[in-house]
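Understanding the architecture of this molecule
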Amino acid sequence: MNSKIVPSPAGKRGRNSSVILTDRMCEKRVIQRTKFYDRKCPGLYVSITAAGVATFSFKFTDRQTGKQRTGWLGVYNPEIFTVEDARSKVSGLKATGGAALAQTFHDQKTAKAKRGKNVAEIIDERIKWMKELVKKPDGELRPRLESWENTASHLNRFVRLRLGKKLAMDVTKHDIATLSNDIVAGKFGKPSVSNARHMRKAASGLFNWAAEAGRDYVTASPCVNLPKLDPEHPRTRVLSEDEIRIFWRGLDRKDLPWDRRTRLALKFELVTMLRSRELLGARRDELFDLDGEHPFDRTATVAPAARLPRHPQRLHRNSHNLPAAGPHRIGTQR
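The structure reproduced in this document is the subject of the present report.

The rules we used
Residues numbered from 1 in each chain as written. Predicted model: local features only at pLDDT ≥ 70, side-chain atom pairs only at ≥ 80, totals over all residues. Heavy atoms only, no water. Axes fitted to C-alpha atoms, helices over the stretch in contact; angles between N-to-C directions. Helix = DSSP H or I, 4+ residues; strand = E, 2+ residues; numbered from the N terminus. Parallel < 35°, antiparallel > 145°, perpendicular 65-115°, else oblique. Contact = heavy atoms within 4.5 Å. Nonpolar A, V, L, I, M, F, W, Y, C, P; charged D, E, K, R; others polar. Core = buried A, V, L, I, M, F, W, Y, C linked by side-chain atoms within 4.5 Å. Buried < 20%, exposed > 50% of the residue type's maximum accessible area, 1.4 Å probe, protein only. Left-handed = near helix turned anticlockwise from the far one by under 90°.

Remarks on the packing of helix α4 (residues 119-130) against helix α5 (residues 148-163)
- Axis separation between α4 and α5 bottoms out at 10 Å; the angle between their running directions is 175°. Considering their axes alone, α4 and α5 lie roughly antiparallel with respect to each other. Touching Val119, Ala120, Ile123, Asp124, Arg126, Ile127 and Met130 of α4 are Trp148, Thr151, Ala152, Leu155, Asn156, Val159, Arg160 and Leu163, all from α5.
- For the contact of α4 with α5, the class distribution of residues is 10 nonpolar, two polar and three charged.

A closer look at the nonpolar core
- Counting 30 residues, the largest nonpolar core has Val119, Ile122, Ile123, Val159, Ile176, Met199 and Phe207 as its most contacted members.
- Mapped onto this core, the elements with two or more residues apiece are α4, α5, α6 (173-185) and α7 (193-210).
- The element contributing the most residues to this core is α7, with eight residues.
- In terms of nonpolar packing, the next biggest core, distinct from the first, is built from 21 residues, Ile48, Leu73, Val83 and Ala86 among them.

Digging into the packing of α5 against α6
- The contact between α5 and α6 brings their axes to 11 Å, and the two run at 125°. Here α5 is positioned oblique relative to α6, judged by the angle of their axes. Both α5 and α6 take part in a crossing whose hand is right-handed. On α6, the residues that touch Phe158, Val159, Arg162 and Leu163 of α5 are Asp175, Ile176, Thr178, Leu179, Asp182 and Ile183.
- Of the residues contributing to the contact of α5 with α6, the split by class is six nonpolar, one polar and three charged.

Structural data, given as structure tokens:
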């Protein structure tokens, strides 16, 4: 009996490339990708790379199209997936019939394509999903996540920049931790624990969304068991009454580089004590006594739940005598 093995390099199958596959053959070292076709189980073959990875596949003819197709079976492992395991899998697939066999490999191809998406592609899909207009409880159409612009900013500035070209399924918790540490260390500009915290939140939302049923871009989120960030200390700097008065009256100067609308908007933000995002969405019917004799005197501004999700309704009263309202913190909610 001729026991000589004639391997077939990747490409066209040679006439004498069919052999009786063995586990030892799957462990053979090659200098280029090489295929061995199994004589014992027609259609089964193993492809061995120069790195030593042996992968089983199965060639069959799709009866609906008349074309030859190839299905992936698995990677050789001497303990859990051997040549005999591959033969048994092929026998099971053949027993299902041609249509079921084709559908099985079609599903495998679809799943593989999903998990072949890189991080940048998933970020694009996530942003599109976040800003899609949906009907809210108050009946208005607004973005699904109303703070999507902030989340998109952190995904684009940090996650996309560092991990965008990497396959999403290959991202590990060490990648996220390293990115977080680099943000804190100032490798993305000014050192910022706050930016690292926001990046983690945005990345966690991204990968949890990507792992949901129906997407399955990843099997699980890598944003787990990350080292704790140092606590952020609240700002204690406050505006004194004199500083508030200087700012208020300074906005009346004619030589400022801003137009009157901008200066009035700054005054309006100060007296309402709302964040910019909350104030920009305000409607005229939410402002009381705006057309009255003293629109800034003893008026009340109501910020609706639509813009204050954590506070169903917050009432702000203000007076033209701003210093009487007490000191105002810089950069925090007053």
